[in-house]
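A structural walkthrough
Residue-level listing of the chains:
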Amino acid sequence: MGRRCRGTRHTYRLAPVAYRLLLLLLLLGACAPATPAPVPVATPTAIKLYILEDGMYEIGEADLPAWNAATLQGATLYHRRHPVPVWIVEDNEGVRLRFYGQASDSRYSRENVYWLQPART
């Protein structure tokens, strides 16, 4: 079974199974949603956090010298494109964000990645 492309002299032969697989992939691509869900974009000022084990974590002004208290209070934490709840702790040591981090469930990576983004202005 040969398929000939218009305007060329080349004939490409596809096995029936490969032809059906190609057709299936094209049909599945046509069924994809037209508008993808919004994805948080990592800006140059975003911080990538690597989590190794389950537990409560804190990150504060001392850990992020380029961020001030207002930036830290308006920050959003993301994990796998979903916002993660954070608790803001203010005391005499400054402002800190506290959150529950989970270890990776992947067999390909030991670390789980979280993104901390400043407030959008």
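These numbers come from a predicted model, not from an experiment.

Summed over the entire model, instances satisfying the criterion amount to two aromatic pairs. Ring geometry for Tyr57 against Phe99: centres 5.8 Å apart, planes inclined by 20°, an arrangement best described as stacked. A residue pair is termed long-range when its members are at least 10 positions apart, and Tyr57 in strand β4 (residues 55–60) and Phe99 in strand β8 (residues 94–101) qualify at 42 residues. With a centroid separation of 5.7 Å and an interplanar angle of 40°, the aromatic rings of Phe99 and Tyr114 are classed as tilted.

A few words now on the pairing of strand β9 (residues 112–117). Pairing of strand β3 (residues 47–51) with β9, which is carried by five bridges, proceeds in the antiparallel orientation. By the bridge assignment for β9, Ile47 is matched with Leu116. As paired elements, strand β5 (residues 76–79) and β9 share three bridges and run antiparallel to each other. Paired with Leu77 across the bridge in β9 is Leu116.

We now examine the environment of Asp105. Looking at the secondary structure, you find Asp105 in the loop between β8 and β9. Its relative accessible area of 62% is what places Asp105 among the exposed residues.

Thresholds applied
Residues numbered from 1 in each chain as written. Predicted model: local features only at pLDDT ≥ 70, side-chain atom pairs only at ≥ 80, totals over all residues. Heavy atoms only, no water. Phe/Tyr/Trp six-rings, centres within 6.5 Å; stacked < 30°, edge-to-face > 60°. Helix = DSSP H or I, 4+ residues; strand = E, 2+ residues; numbered from the N terminus. Pairing = 2+ DSSP bridges. Buried < 20%, exposed > 50% of the residue type's maximum accessible area, 1.4 Å probe, protein only.

Note that every value here comes from positions in space, so none of it alone points to a role or purpose.
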